[in-house]
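Here is how the chains run, residue by residue.
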Amino acid sequence: MVKITYVQPDGSAQTVDGVAGHNVMETAVRNDIPGIIAECGGACACATCCVIIDDAWRTTMGEPSDVEREMLEFAEEGNPAARLSCQMRITDQFDGLIVRVPASQQKQQETDERRDHA
């Protein structure tokens with residue numbers, strides 16, 4: 001197990017256990033992390049699982065693929081630290097990873113939930 005910390009726009013954080021071989025999005029969904037919407041279920045087709053990689057982890061995480069980079073154009077307006085969490089397969093090297101949930105995704109999730117309950 002590796003520890004992954006998801007930081008919300010308000011600064012609150014939730015540290016959860018991740019399993020090697022799973023991805024950062026699956027781990028967020030399984031642990032009810034707010035703001036990780038994951039509409040496409042991890043198919044790299046929606047950008048609703050975008051996270052901002054903490055600066056200390058950017059080198060470890062590497063660069064996004066060309067397909068991921070194209071999807072990121074729809075999220076976080078070219079933030080070089082943005083990644084799609086569905087494309088980040090967990091390894092033991094991820095222990096201590098810190099990612100930030102974009103405020104735009106948290107707002108989208110809140111809007112979707114209000115619509116669903118109306």
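The notes below deal with the structure included here. All of these numbers come straight from a predicted model, not from anything done at the bench. (Residues numbered from 1 in each chain as written. Predicted model: local features only at pLDDT ≥ 70, side-chain atom pairs only at ≥ 80, totals over all residues. Heavy atoms only, no water.)

### Section: the overall build of the protein
Quick reminder of the rule: Only runs of H or I of at least four residues qualify as helices and only runs of E of at least two qualify as strands under DSSP, and these elements are numbered from the N terminus. For accessible areas, the Shrake-Rupley method is used with a probe of radius 1.4 Å. Any residue's cover is judged against the shown protein chains and nothing else.
Along the protein, the regular secondary structure elements total four helices and five strands. Its helices and strands taken in sequence order, the protein reads β-β-α-β-α-α-β-β-α from the N to the C terminus. Of the roughly 6,500 Å² of accessible surface on the protein, 47% is carried by carbon and sulfur atoms.

### What about the pattern of salt bridges?
The condition is simple: Every case where a carboxyl oxygen of Asp or Glu lies within 4 Å of a side-chain nitrogen of Lys or Arg is listed as a salt bridge. Partly exposed describes any residue whose relative accessible area lies between the buried limit of under 20% and the exposed limit of over 50%, with all areas from a 1.4 Å probe on protein chains only and scaled to the type maximum.
Tallying each qualifying case throughout the model produces five salt bridges. The salt bridge partner of R69 is D66, with a shortest N-O separation of 3.3 Å. Of this pair, R69 and D66 both sit in helix α3 (residues 66-72), three residues apart, which is roughly one turn of that helix. By relative accessible area, which is 36% here, R69 ends up partly exposed.

### Considering the pairing of strand β2 (residues 13-18)
In plain terms, the rule: At least two DSSP bridges between two strands are needed for those strands to be called paired.
Note that strand β1 (residues 2-7) and β2 share six bridges and pair antiparallel. Paired with V7 across the strands is A13, a residue of β2. Adjacent in sequence and paired antiparallel, β1 and β2 are bridged by five residues, among which G11 carries a positive phi angle near 95 degrees.

### Topic: the environment of G18
What counts here: Throughout, a residue-residue contact means that at least one pair of heavy atoms, one from each residue, lies within 4.5 Å.
By the element assignment, G18 lies in strand β2. Distance in space between the C-alpha atoms of G18 and V2 is 5.0 Å, their sequence separation being 16 residues. For G18, the contacting residues outside a window of four places in its chain are M1, V2, I4, T27 and I90.

### Remarks on the side chain of N23
The condition is simple: Side-chain atoms alone can form a polar contact between residues adjacent in sequence; in general such a contact is a pair of N or O atoms within 3.5 Å, and within protein one must be able to donate a hydrogen while the other accepts it.
Mapped onto the elements of the fold, N23 is located in the loop between β2 and α1 (24-30). Note on N23: relative accessible area 4%, which makes it buried. A polar side-chain atom of N23 sits 2.6 Å from the main-chain amide nitrogen of E26. Within the structure, the side chain of N23 is placed 3.2 Å from the backbone oxygen of C86, a separation counted as a polar contact. Those residues within four positions of N23 in sequence are excluded, and the remaining contacts are S85, C86, M88, R89 and I90.

As far as function goes, none of this settles anything; it's purely spatial.
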